[in-house]
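Given next are the chains, with one letter for each unit.
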Amino acid sequence: ARQFHREIAGRRAAKWRWRNHEVMISKVPRDILHLHQLRNFYSGRHAKLRAIVMVRDPRHVRTSHHAGHDQKYFQDIEEWQILHEYCRAHRGHPDVMFIQYEELVADVPGMQKRIEEFTGEKTSRPFGEFFKRDSEKMDVTLMNGVRPVDRKGIGRWRAAEHRQRIEQVLRE
């Protein structure tokens, strides 16, 4: 699979990057905004588009911190609403698989199997061991580094430190 040192948008990777790999992977959240363009791009080609969209409890997304950003919370209400509408528009498409984050961390092997079936691609190692891979070739700053799968983050939005933020979200 083709991977990149930094996050590269799916449409940019498809149109302007060297494509000599059978699989190309993008991990840019805003790719959902351009999924229709990617679908059109791949419609006349032998390659097949398989989009996997990770969704998470919106309360957690709204209280999430993003490494490398000055602001405490990195996503505003308007951006979340736009992304949510695009997710709703693509639900039910056969080339799109939605994965609930909470389900992924609860059953990593089961979700890996579902992803392999959806993409038609067998992974080379268990997802639960991804953190063991040498990540020197990747910029992992925005991910706060690479670490094992951890369920402790589920429900973190309930913490007292996020109460004011949740109240703000509800007002907006």
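All values derive from a computational prediction rather than experimental measurement.

Asker: Even after reading the chapter, I still don't get the overall build of the chain, so can you show me in this structure?
Answerer: Per the secondary structure count, the chain includes 7 helices and 2 strands. When its helices and strands are written in sequence order, the chain yields α-α-β-α-α-β-α-α-α. Counting every position in the chain, which comprises 172 residues, the buried fraction comes to 32%. Sequence-distant contacts, at least 24 apart, represent 55% of the contacts inside the chain between residues at least 6 apart. Within the structure as shown, the chain displays about 12100 Å² of accessible surface, and the carbon and sulfur contribution to it stands at 50%.

Asker: Would you mind going over the environment of E78 with me for this structure?
Answerer: Looking at the element boundaries, E78 is found in helix α4 (residues 77-90). Each C-alpha atom, one on E78 and one on E172, is 9.4 Å from the other, the two residues being 94 residues apart in sequence.

About the thresholds
Residues numbered from 1 in each chain as written. Predicted model: local features only at pLDDT ≥ 70, side-chain atom pairs only at ≥ 80, totals over all residues. Heavy atoms only, no water. Helix = DSSP H or I, 4+ residues; strand = E, 2+ residues; numbered from the N terminus. Buried < 20%, exposed > 50% of the residue type's maximum accessible area, 1.4 Å probe, protein only. Contact = heavy atoms within 4.5 Å. Areas by Shrake-Rupley, 256 points an atom, 1.4 Å probe, with all protein chains shown as cover.

Any functional reading would require information beyond the geometric quantities listed.
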